[in-house]
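# Structural overview for review
Okay, here's what each chain looks like letter by letter:
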Amino acid sequence: MKIVREQGPRRLGVRLLTAATRRLGAEGEEMPVRVEDVRRADVEVRKPVVVPPIPADGRLTINWVTTPPSQGSGGHTTLFRLIRHLESLGHTCELYLYDTFGNTVADLEPGIRAAFPFFRGQIHDVTDGMADAHAVFATAWITAYPAFNDPCKGKRFYLVQDYEPWFYPQGGLYTLAENTYRMGMHGFTAGRFLADKVLDDHGMPADHFDFGCDADRYRLGGEKRDGIVFYARRKAPRRAFELGVLALEVFAEKHPDLKIHVYGEKIGQLGPQFVDHGLVTPDELNAIYNRCFAGLSLSMTNVSLVPHEMLAAGCIPVVNDAHFNRVVLDNDHVRYATPTPHSLARALSEVVTTPDFDAVARAAASSVEGRSWDAAGHELEKVLRRELAT
């Protein structure tokens, strides 16, 4: 064989092993991270931290390593909110895309610019290498590998929006995700639960930011409320789609006169009460929330952006009772229920039968007033200033 002649039998073995590890499981699932990036990363070796001099005007250059952003992605929305704040303060933010599907920056950039038109930075392919920066951010576990491996200058940080090992069964991918918290980066996490988790379990120091609420988009309106709403993400197992549908079926039997609005993904017709909205714009979503007494928002890992958005529109979130949800939400208007179909359905029923619901809706909306995303941006800049000065 040509490979054996030119590179020797050992190199052939490496190529065959790499090809095998790119596909996992009975379904032949693709590895979400490049095998060569994992192989290069010796996470127990600490590299020297070299930070370029900060200019006299204090303006920083920050590299963000991210999977290709798309409109409607909550994680990318939060990422770009932070970037927007830093850019407003005069800092330079550069985007480095980590794509494992063969797309080029030219393919992806128009969609990114359309989804986040305020972003002023340049967009690069991380596999071409990164320029030196003051700070380099990983933004998901698979991006931690190229951020760790790249030789560019800059202190490494890690934007942690969920405990991503929990996205997988305990096994290889779980461990590869878990290992990224051992890379010596400094964490900046969505909520206090994750900061405590990565420090207690992996010794990773971290600061956290509280969830904001986009009050320009989500606010109390005057629509007549006619039902409940469910955030449905069948392709995201952590959002417990199956459990949610079962709870809605129990609820529908008790409340045949109320509509059940579903958004997030098109899920098909479940019955005459169901309205399948699919993927909607923020303005459309605000209108849906204002038509609903309660919203079912399930998360088996860190909480999503959805409950605060519901509250802003006077829609009461019903959330599975879990320590991480209570710690991050920390709001008296959220209803927690044991994650069983009947318990969730009961909680929804209690909300829709609440007397003087208009007063409840006004109080819920007031509870998130002032929770802007600017506070998260201010906290991030404070962390950057402190960590880059040490």
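Small disclaimer: the values here were computed from a predicted structure and weren't measured.

With that settled, consider the side chain of Thr139. Inspection of the secondary structure assignment puts Thr139 in the loop between β6 (135-138) and α6 (141-149). A polar side-chain atom of Thr139 sits 2.6 Å from the main-chain carbonyl oxygen of Val65. For Thr139, the residues in contact, after removing those within four places along its chain, are Trp64, Val65, Thr66, Leu79 and Leu159.

Taking 1.5 Å of rise per residue, the 15 residues of helix α15 (residues 374-388) would be expected to cover 21 Å, and the 21 Å separating its terminal C-alpha atoms lies within 8% of that figure. All buried positions along α15 are accounted for by Ala376, Gly377, Leu380, Glu381, Val383, Leu384, Glu387 and Leu388. Viewed along the axis of α15, the buried residues span an arc of 160 degrees, placing them on a single side of the element. Buried residues along α15 sit in contact with β3 (61-66), α4 (74-88), β6, β7 (155-160), β8 (186-190) and β9 (206-209).

Looking at the secondary structure, you find Asp374 in helix α15. Distance in space between the C-alpha atoms of Asp374 and Arg84 is 9.5 Å, their sequence separation being 290 residues.

As a further point, take the packing of aromatic side chains. Counted by the stated rule, this structure contains 22 aromatic pairs. Directly above the aromatic system of Phe148 lies the positively charged group of Lys47, at a separation of 4.4 Å from the ring centroid. Positioned above the aromatic ring of Tyr336 is the side chain of Arg326, whose terminal nitrogen or guanidinium carbon lies 4.1 Å from the ring centre.

Attention shifts here to the side chain of Arg239. Locating Arg239 in the fold gives a position in the loop between β10 (227-231) and α9 (241-254). Asp162 provides the closest opposite charge to the buried, unpaired Arg239, separated from it by 4.6 Å. Within the local environment of Arg239, its side chain forms a polar contact with the side chain of Ser299, the two groups lying 2.7 Å apart. Contacts of Arg239, omitting those with residues within four sequence positions, involve Tyr231, Arg233, Leu298, Ser299, Asn302 and Ser304.

Let us now look at the nonpolar core. Counting residues in each nonpolar core, the largest one holds 126 residues, and the members touching the most others are Trp64, Phe137 and Tyr289. Top contributing element to this core by residue count: α9, with eight residues. In terms of domain composition, this core takes at least three residues from each of domain 1 (40-211 + 374-389) and domain 2 (227-367). Every residue in contact with Phe137, bar those within four places of it in the chain, is listed here: Ile62, Asn63, Trp64, Val65, Phe157, Tyr158, Leu159, Phe188, Leu380 and Leu384.

Time to look at the packing of α4 against α15. When two helices pack together, their arrangement is given by the angle between their axes and by how far apart the axes lie. Close contact between α4 and α15 brings their axes to 9 Å; oriented N to C, the two are set at 65 degrees. Considered as vectors, α4 and α15 are oriented roughly perpendicular to each other. Handedness of the crossing formed by α4 with α15: right-handed. Taking contact as the criterion, the partners of Leu82, His85 and Leu86 in α4 are, on α15, Asp374, Ala376, Gly377, His378, Leu380, Glu381 and Leu384. Per-class residue counts for the contact of α4 with α15 are five nonpolar, three polar and two charged.

Conventions adopted
Residue indices follow the written sequence of each chain, beginning from 1 at its first position. Owing to the predicted nature of the model, reporting of local features is limited to residues with pLDDT of at least 70; listing and counting of side-chain atom pairs is limited to 80 or more, with chain, interface and lining totals taken over all residues. Where side-chain values are given, they derive from all heavy atoms of the structure, hydrogens and water being excluded. For helices the rule is a DSSP run of H or I covering at least 4 residues; for strands it is a run of E covering at least 2, with both sets numbered from the N terminus onward. We define a polar contact as two N or O atoms separated by no more than 3.5 Å, with the added condition that, inside protein, one atom must be a possible hydrogen donor and the other a possible acceptor, whereas residues neighbouring each other in sequence contribute only through side-chain atom pairs. Pairs of residues are marked as contacts when any of their non-hydrogen atoms sit within 4.5 Å. Helix span is expected to be 1.5 Å times the residue number reduced by one. Each residue is assigned to one of three classes by its accessible area relative to the maximum for its type, calculated with a 1.4 Å probe on protein chains only: buried under 20%, partly exposed between the two thresholds, exposed over 50%. It is the directions from the helix axis to the C-beta atoms that the arc portrays. Stacked, tilted and edge-to-face are the three classes assigned to paired rings of Phe, Tyr and Trp, where Trp is represented by its six-membered ring and a pair needs centres within 6.5 Å; plane angles under 30 degrees give stacked, over 60 edge-to-face, the rest tilted. Distance and angle both matter: a charge sits over a ring if NZ of Lys or CZ of Arg is within 6 Å of the ring centre and within 35 degrees of the ring normal. Asp and Glu count as negative and Lys and Arg as positive, but His and the ends of the chain are not part of the count. The rule for a salt bridge is simple: a side-chain nitrogen of Lys or Arg has to be within 4 Å of a carboxyl oxygen of Asp or Glu. By convention a nonpolar core is built from buried Ala, Val, Leu, Ile, Met, Phe, Trp, Tyr and Cys residues, the set being connected through side-chain atoms within 4.5 Å. For each domain, the first and last residues come from an automatic or database assignment. Axis lines are fitted through C-alpha atoms, for helices just across the contact stretch, and the angle between N-to-C directions can take any value from 0 to 180 degrees. Working rule for angles: under 35 degrees goes down as roughly parallel, over 145 as roughly antiparallel, 65 to 115 as roughly perpendicular, anything else as oblique. Here a crossing is taken to be left-handed if its near helix is turned anticlockwise relative to the far helix by less than a right angle, and right-handed if that turn runs clockwise. Here the nonpolar group is Ala, Val, Leu, Ile, Met, Phe, Trp, Tyr, Cys and Pro; Asp, Glu, Lys and Arg are the charged ones; every other residue, Gly included, is treated as polar.

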